[in-house]
Amino acid sequence: PFYTKTARRSLGAMSFIEFTLNGRHVRVEDPDPRMSLLEYIREVAGLTGTKLVCGEGGCGACTVYLERSCGADDSQGISINACLRPLCSVDGTRITTIEGLGSSKDKFHSIQERIADNNGSQCGYCTPGMVMQMYSLLEKNSAPTEQQVEENFDGNLCRCTGFRPILAAMRTYCDPTAPYVASIPTTDHYLNKQANEAHGVKPECADHGKCTKATSCAHAHAGCGKDIEDLVARPPQPMTSSALSCGPQDAPPRTVTWKNCSTLDELYGLIKERQSTGQNMKVVVGNTTTGIYKNDKPNLIVDIHTIPELRATSQDDKGLSFGAAITLSELIKALDEASSTVKNGAPFKMLVTHLKKVANIQVRNVGSWAGNIMLVNLHDDFPSDVHLCLTTVGATLTIRGHEGVKAGITMGEFAHMDMTDKIILSLLIPIPAENEKMFTFKVATRHQNSHAHINCGIRASVDGATLALTLRPSLVYGGLAKKTVRMAATEDFLQKAGPLSTESLQAALRVLEGEAKSVISSGPGRMEYRLSLVSSYFYKAMLSILPSDRINPSLASAAKVSLDRSLSSGTQQFSSDSSELPVSLPLSKVKARIQASGELRYTGDHEFPSSLVHAAFVLSRVSSGTIKNVDPSKALAAPGVIRFISAKDVRGNNKVDDAASIELFASRKVEFMGHAIGLIVADTARHAQDAAGLVHVTYENHSGVHEGDGDSGPATKKPILSIKDAIAANSFFEENEDIMLTGSPLEQGDIDAGFKEADHVYEGEVAIGGQQHFHMEQHVTVAVPTDVGGLYVMSAIQGIKQLQKSISGATKLPINMINIEVPSLGGAFGGKIGNGMTPGVAAAIAATVLGRPVKLETSLNQTLEMGGDRQPMMVQYKVGVMKDGTLRAGSLKLYTDYGCDYAGNPDSVGTFLKVVDNCYNFHNFRVEAIGCKTNLPPNTYMRGPGWVTAIWCMEYIMDDVAAHLSMDPDALRQHNFYKNGQVTPHKQKLDDFNIPTMWTQVQESSDYVNRLKQVQQYNAANRYTKKGIALVPVKFGITFKGFQFGVLLNVHEDGSVLVSHSGVEMGQGIDTKVAQICAYELGIPLDRIQVHNSMSLTVPNAGVTGGTITTCMNSEAVIDAAQALLKRLEPVKKNLIKENKGKAPTWDEIVEAAIGQGIDMQAKGWINKDDGPHGPWHYHSYTTAVTEVTIDVLTGEVQVDRADILFDAGMSTNPAVDIGQIEGAFVQGCGYYLTEEVQHEADGYLINHGTWEYKPPSTTDIPMVMNVSLLSNARYDRGVLGSKGVGEPPMASAASVFLAVKRAVAAARQDNQGSSSSSSGAPFRMDSPASVENIRLSCIASPNGFSL
């Protein structure tokens, strides 16, 4: 039911609201206007399946389904971001969260089943949001097209899976007549019937995969066919007597008032009242602006989304009219419908295409077009695609102000209008003239849910015969000047220029260049790039408005608004060993379904005592300086605040690590912007966060206070923010035995002799930036004092022992009084090793100071500002090579940015030194490293630390050498491959080097030779779009030395088994693999085994989870434990066989007898290893990958067309899990090399501190085709049951993405320079990431060469 009492629409502050939440009637008394729907769902209703990640509407983890009444028996449902939706705005609605769809206690919804069964969930933190977004689509359309499914997730991010399995799961709904068959079996069923029976598992329903019956089928197997009505039916919505209520609590008077307006008169009355009261009033429809401008603090919020006049739409001869409360989704739908009813619908289609690139579905569903363009009026820095499109199409506004209603206001006039006490009423979009053409262009860091660098629109009409413009054109740019701007001088020139020709084009470009330089303002991106887009867009626009038969075929692809993208697809190939079931089966993760249903509880989801309080960090606003004074008085006077905690409150060591040189809480010296100064503790998380911003800190001898109030005076020095800055300032870490720089230099052979022998010696330099972890779950720790004076700590951390030790040092508690528990993590990638220590230790300090439970959860902004990233690196290289391509010598000097302290990642540099040779025998080799000290957070481990960067560097060098030699880069590589028996510079004797075999196999499976020819043909036929294709090998060393892990195995009297291992489940599937191997070793069904959260209490002193070895070593440990137990049970089993006259006893019978005899049914396994048999690495993991890309030379846009990956996993213990890791790692690599750029302002402020500026890949950034194969017949005898580690190595193969882009750029440079050099082009420097800016500028496409 809906609750829509008109009485509550009065102008008074809302006294209560009513809505339904998963079918339950909710009445909230005196609702807080500042409370979001997400805060209510999680903190009040206790429904933790809906996740808080960004708080910006940029990730989709908080997606819920909202329905409004549209009449007596009708409703309208949409997906929304609960983090942006004010609680007050849901009055009279129906809200469905992930808990409302299904659960293990009742029945899973089919979407939950399918995403789990298709391996679409790894860490699982994003999964509920994915499910809810699909649910919203199915509510509108029970059989969507594949294109609709692909477009549906533009607002949902996943950092783990690489998206392919998610999209594959959702596409199973596209054909309702086809029976659903999961791509992998669930953990409830094994593939082989004989093996099932051997393990005591019941066989599947005989009709499984064929049945089309509804769920009333008696078999009721998970995954059985279901009626489509069952699949999409909304959950029941009954009224219940147990209404959930949230009444007013002990709280200070509200500083914000929420009012709903149901008529324009009410709104005008409030505006008039505001004139006398001076209130800071904010008018909202969807409130989505808070995701960008978080510091807006109105004291009156007015909701206008139900005012009928502002919800009106109409169409007449003048055009289409839309009220100001029409959402972007509604605008898009109306324009799409109108495009098929008007004579010239193409301009409307163009608007639809462009507007779909604005934000994401969840934001467009509630955000209004009027609210979007108001941001242009209010903020000079807002790059609005909506305003650009409406300006281009010639739309006008009707606005009500003091002087009354005024219509016909142009978008340009509006952008500069004083809108104080005015309200936008409506928008008029004119009907396009019959011969009118309109094109809009946008290039962004990422293909979707990403704001434009520069956008452009043109509207013109061209005589097809004479090629003359028949009307004055409209040429509009956004992001160039402070506001959207029309290029009037260029418009005038074009109107008078006569027929379009190369000559008139060039003349217009000169006019445009001068005009652009006169209006351009400072903004993101290099000025050179922004100006290049001005001319590129104009050129594309001129080509676009020409008749297609008048365009040179080689230029036709340049006329496209954006690169073509087909639906994503892929294949997965692997083999299994039926003798080891359930090991080697591609089973879905054991917790996948409860991840999909939101039932799996992460650290921040658990319930704790009511005395729990919340903490928030106070962070420094300088990159370097000295704290002069800290004044928390304003914060302490804020609502709910309990205490300010600083370095003075630390009883022990004020560091997170004994090796660290920086303080946990800065007492005097600040080393980086984001350095913690203290904590504010308050009754709620929101109160703590708000008050933390009120702590006033003054500095001296500083590098500049970001957004400071002037109390600290001017900057007295410049911060060191890059490797170049460090070199210029001579800011380096000295060689120290505690860090791996002691491995520098690493040498092999006689380097000087090698260079003398070489026919050619080439030198170069290249750099690669950092990468943020961007794990979906932020840092969260709950510390609870125990009754004996110790601490129980639940934390999202990768290193249990390390956190336990650090807390002991800071609190002076003995380690045996500190118990750490770590539930499943919502992603980590190394970011919860060093970065996670600060929140963990800080929460423990606060709990010991206050003597009560403390929860500390960082926001995404804080996570990124406080934590270090993957280390940026710069390499100077020198290579000696013979004429035939034989490498004779290589010398590399590595500069690496440690940040302000090397303790966050002491060994990535050492790893780089050991693996940078990759697959190539240089014969004489030297590599040295220099550690740069900068005023940035301590950079830290990130998936494949050292490895990934080193392999990219060597592959870059090999391409560079090939270009110098005019040699086929593939031939150069193959010619220099190692051979088994040879020794690497790291003194590793190779005995398993299978790259030559994999090199051949991946070429055959990917049709590489033919595709290489096709790429060359394409490049010859297209001037301004180019393709590149690259093939790379990867040799990835795995070591177990220095790590130790254990497993505790408990067998209970009913025969069930509980396993506690010492790794941390963070999406890599360790729980699933350990359970599979345990089941295999004990010979029992998988469903008899449960895996417990990792705890220091059960398995102490274990290593950090990471390095691709944790799953392997814990798997060995469970084998060790199981075999110890089986040895103990062997006499019992023999006696039972004797008693049963030769009949083998069941597992349960053995257990019962053993317990009856008093046998210990607990076993421990422990693994600790030294060097491998042939050197420091225990073995190598190998990958070969082929990637093909297309770039737009004019804009820098890139599309990853296809990736073929062949990976050596040995005999995989779970191919589904391993392939998921490969796909996810590869796509994470795509982000590293293409879209994820870490940038700082001049004072050190991190620009990319949220979803607005930092862009991990989304669904349309993944390869359109991604084929993954596990090397067959590859059982590795020294691996766990023949397997190899998987988590990190595949990411290194994404270097093929960068090289493919660079080769495409090389092809463009050949055209633009007139070069006739080899296929790889003349050598040139191109640093990583290959951002759209980097690609465009590297292509050196001068406007002087533009022609028609």
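Keep in mind that what you see is a predicted model, and the values were worked out from it rather than measured.

Thresholds applied
- Residues numbered from 1 in each chain as written.
- Predicted model: local features only at pLDDT ≥ 70, side-chain atom pairs only at ≥ 80, totals over all residues.
- Heavy atoms only, no water.
- Helix = DSSP H or I, 4+ residues; strand = E, 2+ residues; numbered from the N terminus.
- Rg over C-alpha atoms; globule rule 2.2 N^0.38 Å.
- Buried < 20%, exposed > 50% of the residue type's maximum accessible area, 1.4 Å probe, protein only.
- Contact = heavy atoms within 4.5 Å.
- Areas by Shrake-Rupley, 256 points an atom, 1.4 Å probe, with all protein chains shown as cover.
- Lys, Arg positive; Asp, Glu negative; His and termini not counted.
- Charge placed at Lys NZ, Arg CZ, Asp CG, Glu CD.
- Pairing = 2+ DSSP bridges.
- Salt bridge = Lys/Arg side-chain N within 4 Å of Asp/Glu carboxyl O.
- pLDDT = per-residue confidence, 0-100.
- Core = buried A, V, L, I, M, F, W, Y, C linked by side-chain atoms within 4.5 Å.
- Expected span 1.5 Å × (residues − 1).
- Arc of directions from axis to C-beta.
- Phe/Tyr/Trp six-rings, centres within 6.5 Å; stacked < 30°, edge-to-face > 60°.

Caption draft 1: Fine view of the overall build of the protein chain. In terms of helices and strands, the protein chain carries 37 helices and 43 strands. For the protein chain, whose C-alpha radius of gyration is 31 Å, the value lies close to the compact-globule estimate of 34 Å for 1348 residues. Along the three orthogonal principal directions, the C-alpha set of the protein chain runs to about 100 × 85 × 75 Å. For the protein chain, the residues scored as buried account for 64% of the 1348 residues in total. At a minimum sequence separation of 6, the contacts of the protein chain that also span at least 24 residues come to 76%. When the accessible surface of the protein chain is summed, it comes to about 47300 Å², and 49% of that surface belongs to carbon and sulfur atoms. Charge centroids of the protein chain, computed over 124 positive and 143 negative side chains, lie 1 Å from each other.

Caption draft 2: Expanded view of the sheet that holds strand β23 (residues 669-670). Sheet architecture is open: 3 strands sit in the order β23-β21-β25, paired in antiparallel fashion. Both outer strands of the open sheet, β23 and β25 (696-700), are each paired with one neighbouring strand and no more. Pairing between strand β21 (residues 625-631) and β23: 2 bridges, direction antiparallel. Along β23, the bridge assignment pairs T626 with K669.

Caption draft 3: Fine view of the pattern of salt bridges. Applying the stated criterion across every chain yields a total of 60 salt bridges. With a shortest N-O distance of 2.7 Å, D649 and R643 are connected by a salt bridge. Exposure remark for D649: the relative accessible area of 16% places this residue in the buried category. Across the salt bridge formed by E1188 and K1027, the nearest N and O atoms sit 3.7 Å from each other. In this pair, E1188 sits in strand β41 (residues 1179-1192) while K1027 sits in strand β35 (residues 1025-1038), placing the two residues 161 residues apart along the sequence. Judged by relative accessible area, K1027 falls into the buried class, the value being 16%.

Caption draft 4: The pairing of strand β2 (residues 24-29), seen in detail. Two elements, strand β1 (residues 16-21) and β2, share 6 bridges in a ladder whose sense is antiparallel. Within β2, the position partnered with E18 by the bridge is R27. Taking the residues that link successive antiparallel strands as the turn, the β1-β2 hairpin has 2 residues, and the phi of N22 there is positive, at about 55 degrees.

Caption draft 5: Main features of the environment of K357. Here K357 is to be found in the loop between α10 (346-355) and α11 (361-364). Setting aside residues up to four positions removed in sequence, K357 forms contacts with K442, N449, S450 and S562.

Caption draft 6: Quick peek at the confidence of the model for the protein chain. Mean pLDDT over the protein chain stands at 91; residues scoring 70 or higher make up 92%. For the stretch residues 187-250, pLDDT sits under 50, and the model shows 112 contacts to residues farther than four places along the chain or on other chains.

Caption draft 7: How the structure looks around the nonpolar core. Judged by nonpolar contacts, the single largest core of 292 residues is most densely connected at W369, I424 and Y477. Counting residues per element, this core draws most heavily on helix α27 (residues 947-965), at 13 residues. One finds I645, L664, A676 and M837 within the second-largest nonpolar core, a separate group that totals 42 residues.

Caption draft 8: Structural context of helix α30 (residues 1008-1021). For α30, built from 14 residues, the straight-helix expectation of 20 Å at 1.5 Å per residue is met to within 8% by its first-to-last C-alpha distance of 20 Å. Along α30, the positions that sit buried rather than exposed are Y1008, R1011, V1015 and N1019. Considered in projection along α30, the buried side chains sweep an arc of 80 degrees and stay on one side of the axis. What points out from α30, more than 90 degrees from its buried face, is the exposed set Q1017 and A1020. Those residues of α30 hidden inside the fold are in contact with α28 (969-975), α29 (995-1005), β35, β41, β42 (1198-1207) and α36 (1295-1313).

Caption draft 9: Highlighting the packing of aromatic side chains. Applying the stated criterion across every chain yields a total of 28 aromatic pairs. Aromatic side chains W952 and Y956 sit 5.5 Å apart centroid to centroid with 45 degrees between the ring planes, which places their arrangement in the tilted category. Note that W952 and Y956 are positioned in helix α27 at a spacing of 4 residues, about one turn of the helix. With relative accessibility at 1%, the residue W952 sits in the buried group.

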